[in-house]
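Summary of structural features
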Amino acid sequence: MLSFFRRIINSKAGVIVTFVVLGVIAIAFAAGDVTGLRGGTSGGLTGNYVVKVGGEKVSVADLESRMQSELQDARQQQPTITMADLIAQGGMQAALDRSVNSLALDEFGHDQGMIVSKRAVDGQIASIPGLRGPNGQFDPAIYQQLLQQRRLTDAQVRSDIARGLMAQQLILPTQGATQFPQKVALPYASLLLEKRDGRIGFIPAQAMDTGAAPSDAEIQAAYRRGIARYTVPQRRTVRYAIVTPDQVKARVAPTDQEIAQVYNEQKVRYAAVQKRDITQVVVLDQAGANALAAKVKGGAALADAARAAGLEPSIQKAMTKDAYRAATSAAAADAVFGAAKGAVVGPVRGALGWIVARVDTIADVPGKTLEQARPEIVAELTKQKQEQALRQIHDALDDSLARNTTFDEAVADQKLTGQQTQPLLTSGINPDAPGTPADPKLAPIVAAAFQMQEGDAAQLVPLGQDGGFALVALGRITPATPRPLAQVRDAVVADIRADRARAAARTLAAQVLAKVNKGMPLAQALAGAGRALPPPQAISAVRGQLAANPRGAQPGLVLMFSMVPGSAKMLEAPNKSGWLIVDLDRVTPGDARGNAQLVTGTRQDLARIVGREYVDQFARAVRNQVGVKTDTGALARVRAELSGANPAAGN
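Cut-offs used in this document
- Residues numbered from 1 in each chain as written.
- Predicted model: local features only at pLDDT ≥ 70, side-chain atom pairs only at ≥ 80, totals over all residues.
- Heavy atoms only, no water.
- Helix = DSSP H or I, 4+ residues; strand = E, 2+ residues; numbered from the N terminus.
- Buried < 20%, exposed > 50% of the residue type's maximum accessible area, 1.4 Å probe, protein only.
- Pairing = 2+ DSSP bridges.
- Axes fitted to C-alpha atoms, helices over the stretch in contact; angles between N-to-C directions.
- Contact = heavy atoms within 4.5 Å.
- Salt bridge = Lys/Arg side-chain N within 4 Å of Asp/Glu carboxyl O.
- Parallel < 35°, antiparallel > 145°, perpendicular 65-115°, else oblique.
- Nonpolar A, V, L, I, M, F, W, Y, C, P; charged D, E, K, R; others polar.
- Core = buried A, V, L, I, M, F, W, Y, C linked by side-chain atoms within 4.5 Å.
- Expected span 1.5 Å × (residues − 1).
- Bend = angle between axes of the 7 residues up to and from the residue.
- pLDDT = per-residue confidence, 0-100.
- Phe/Tyr/Trp six-rings, centres within 6.5 Å; stacked < 30°, edge-to-face > 60°.
- Lys NZ or Arg CZ within 6 Å of the ring centre and 35° of its normal.
- Polar contact = N/O pair within 3.5 Å; in protein donor to acceptor, adjacent residues only side chain to side chain.

Quick notes on the overall build of the chain
- Looking only at helices and strands, the chain has 26 helices and 17 strands in total.
- Within the span of the chain, comprising 651 residues, buried residues form 42% of the whole.

Details of the sheet that holds strand S8 (residues 344-349)
- Spatially, S7-S6-S9-S8 is the arrangement adopted by the four strands of the open sheet, whose pairing is antiparallel. If you trace the sheet from one side to the other, it starts and ends with strand S7 (314-319) and S8, each paired once. Adjacent strand axes in the sheet meet at a mean angle of 30°, parallel and antiparallel pairs treated alike.
- As paired elements, strand S6 (residues 273-283) and S7 share four bridges and run antiparallel to each other. Along S7, the bridge assignment pairs Gln280 with Ser314.
- Along the sheet face, helix H15 (residues 286-297) touches S6, S8 and strand S9 (354-365) and points at about 175° away from the line of S8.

Quick word on the pattern of salt bridges
- One pass over the full model with this rule turns up 30 salt bridges.
- Between Asp209 and Arg531 there is a salt bridge, and its shortest N-O distance comes to 3.0 Å. Of this pair, Asp209 sits in the loop between strand S3 (195-204) and helix H11 (216-225) while Arg531 sits in the loop between helix H23 (522-527) and strand S14 (537-542), and the two are 322 residues apart along the sequence.
- For Asp360, the salt bridge is made with Arg358, and the minimal N-O distance between the two is 2.8 Å.
- Residue classification places Asp360 among the partly exposed positions, given a relative accessible area of 21%.
- Bridged by salt links that share partners, the residues Lys118, Asp122, Asp154 and Arg158 form one connected network.

Overview of the pairing of strand S5 (residues 235-243)
- Summarising burial for S5: seven of the nine residues are buried, a large majority.
- Looking at chain direction, S5 and strand S10 (residues 419-420) are connected through two bridges and run antiparallel. By the bridge assignment for S10, Tyr240 is matched with Gln419.

Describing the packing of helix H10 (residues 182-192) against helix H25 (residues 596-626)
- At their nearest, the axes of H10 and H25 sit 8 Å apart, and the two run at 105° to each other. By the angle class used here, H10 and H25 are roughly perpendicular. On H25, the residues that touch Gln182, Ala185, Leu186, Tyr188, Ala189 and Leu192 of H10 are Leu598, Val599, Thr602, Arg603 and Leu606.
- Class assignment for the residues of the contact of H10 with H25 results in eight nonpolar, two polar and one charged.

Notes on the environment of Arg75
- Examined against the element boundaries, Arg75 turns out to sit in helix H4 (residues 60-77).
- Taking the relative accessible area as the measure of exposure, Arg75 reaches 9% and is therefore buried.
- Once the C-alpha coordinates of Arg75 and Leu86 are considered, the two residues, 11 residues apart in sequence, prove to be 10.0 Å apart.

Considering the environment of Pro313
- Within the fold, Pro313 resides in the loop between helix H16 (302-308) and S7.
- Considering only alpha carbons, one finds Pro313 and Val356, 43 residues apart in sequence, at a separation of 9.5 Å.
- If near-sequence neighbours (up to four positions away) are discounted, Pro313 is found in contact with Thr279, Gln280, Val281, Ala303, Ala306 and Arg307.

Description of the nonpolar core
- Membership of the largest hydrophobic core comes to 33 residues, with the highest contact counts inside it found for Val50, Val51, Val53, Leu63, Met67 and Leu96.
- Every element with two or more residues in this core is listed here: strand S1 (49-53), H4, helix H5 (83-88), helix H6 (91-111), helix H9 (154-176), H25 and helix H26 (632-645).

Quick word on helix H22 (residues 485-517)
- Taking 1.5 Å as the rise per residue, H22 with 33 residues should run 48 Å; its terminal C-alpha atoms sit 45 Å apart, in good agreement.
- Where H22 bends most, the angle comes to about 35°, and this point is Ala491.
- Residues of H22 that are buried make contact with S3, H11, H23, strand S15 (568-572) and strand S16 (578-588).
- Where H22 ends, the next residue or the one after it, Gly519, has phi of about 115°, a positive value.

Some details on the confidence of the model for the chain
- In the predicted model, the chain carries a mean pLDDT of 80, and the fraction of residues at 70 or more is 88%.
- Contacts of residues 1-45 to residues separated by more than four positions or lying in other chains number 125 contacts, the stretch itself having pLDDT below 50.
- Across residues 645-651, where pLDDT falls below 50, the model places 25 contacts with residues more than four positions away in sequence or in other chains.

A short note on the packing of aromatic side chains
- Summed over all chains, the structure comprises four aromatic pairs.
- Both rings, one in Phe108 and one in Phe618, keep their centres 6.1 Å apart while their planes meet at 85°; by these two values the pair is edge-to-face. In this pair, Phe108 sits in helix H6 while Phe618 sits in helix H25, placing the two residues 510 residues apart along the sequence.
- On the basis of an interplanar angle of 20° and a centroid distance of 5.5 Å, the ring pair of Tyr263 and Tyr270 is categorised as stacked. In terms of burial, Tyr263 and Tyr270 fall into one category: buried.
- Over the ring of Tyr49 we find Lys57; its NZ or CZ atom is 4.7 Å from the centre of that ring.
- The aromatic ring of Trp579 is capped on one face by Arg506, whose charged end is 5.0 Å from the ring centroid.

Regarding the side chain of Thr328
- Within the secondary structure, Thr328 is located in the loop between helix H17 (321-327) and helix H18 (330-337).
- Among the polar contacts made by the side chain of Thr328, one reaches the main-chain carbonyl oxygen of Tyr324 at a distance of 2.6 Å.
- Those residues in contact with Thr328 that lie beyond four places of it in its chain are Gln280, Ala333, Gly350, Ala351 and Ile355.

A word on the environment of Asn517
- Take Asn517: it is sitting in helix H22.
- Along the sequence, Asn517 and Lys569 sit 52 residues apart, while their C-alpha atoms lie 8.6 Å from each other.
- Setting aside residues up to four positions removed in sequence, Asn517 forms contacts with Ser567 and Ala568.

So, the pairing of S1
- In terms of strand pairing, S1 meets strand S2 (residues 56-59) through four bridges, oriented antiparallel. Along S2, the bridge assignment pairs Val51 with Val58.
- Between S1 and S2, which pair antiparallel one after the other, the connecting turn spans two residues, and Gly54 there sits at a positive phi close to 60°.
- The pairing of S1 with strand S17 (residues 628-630) spans three bridges and is classified as antiparallel. Of the residues in S17, the one forming a bridge with Val51 is Thr630.

As for the sheet that holds S1
- Taken together, three strands build an open sheet; the order of strands is S2-S1-S17 and the sheet is antiparallel. Of all strands in the sheet, those with a lone pairing partner are S2 and S17, marking the two edges. For this sheet, the mean angle separating the axes of adjacent strands, direction not counted, is 15°.
- H6 rests against S1, S2 and S17 of the sheet, and its axis sits at about 30° to S1.

Quick look at the structure:
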């Protein structure tokens, strides 16, 4: 989670997600999400709340809002994921557990007399890069704008951040207490070196006969049985108007007067200046600085003399006198910039001690006339005026939407060009034109539309990093609809034949497996199967390879490391393409003695696992002490609504 947080936090759009993450960041950081915890029983709640944590409650609206944010996060990695997919993958329980843990830790911390100061919360908000204005300082206007876009309040954000900081204070010491003995790590490290050798055979479904053509009755039955395969998911038309920097470029061209004004205000910037490369050593006491200067002036190299004294020289590149003065002192700047190239200066009193410096290079940079500086000034002014123009349009649209202005009225007021998509899936693809790829530029627009419900006002959606945005409104919602059998008849027939082929391949694989487990070599069993099957392939691997592939190890390899020597097992091949027969010959134990790097790495990995377990147990204990009650009925209703029982929610 933190890696994703770091990727997005530097963008203004990413700050929105940051607000949601901040409330649970400590738990995510320390425990990689303390999920799967169940606490308390149903009772004592109303239908408006899903869980009660001590004196606090998580409402249905809170959980639904959290899940919409989770879906936004997930779509940063999987643009086509739906709310139903996210819930099926455990996303809803994980989000609820994080909320419960955050509330429980916060209440427990306050019970112990711990506090989170307002200054600490202010510091967290002010330190978010995406909330900084052009001057690099925290900009309250950007903060308020993002709160409005996200429909959050300042109090909600501050509450989440305060809970995150409280959790951090409680959890980090718990995790940091992890210790794991090296002798215990040795057998685990040795296990990573365990080697296994065997063979793997493949029985492809495409090698099987599929029999006679399916009858009408079979086709009808298969169509009804697999109706979900032939159903077009919910589609939505999206109305939108895009505002980009290029659209306002013509009206923000800098005038000659503006260019001259900037030049006159920044004359120092365009004046002639001298830059020097300087090697310097800072010595804390004057006696040491005198000794160092004497050695250098006597012929010793500054770097060598400094290192002999236990010091390290630093090189200041392309320094102006003003910049050097700010970093050292006026006396040091006067001395260094009054010396010739190659001269040794000092010791001179600086900000942190006594400076001995050498002038390495001197470069005189000529000044720029107004005409010479014009391209640079025009580029800067254009960018500033574009940002200002975009902000004015954005604010005007935001104000008009707050007054319940319709999409059409807002577009007309700002003289924008309104557009409308064809009915699209969540992926942005038009199912009536499946060969046409989704437009990546519309991805955030479509994602926003699929988070809206009928009757919602239009929304402003950021686009990219250049300040552009879109006004987005939900058009027509077409519920999930099965295609008529006549349209998908060929697909149904192909599916029937594919199912027959997979079933036949499984039957044949079971026959081959039985022969191998009775002692017949795998190659002989495959050759005598009565089909043209590929010969088996030898496989050899060490256990450590299972975790080496970030996408996950091959299923056959994983199975081989769960078997006993002399046995064979079967499993379905990826993409339902057939069946695999894995035959394990021998196991060679590993020995990590003498491999200090592996043992140390294993020890560190196990320590992290133990640390997460400490956090897990600590969170469980806190939940038990604070008290957690779950309304299973309300939770089930939220799950059903978000999964698609209510078509307008969460797709």
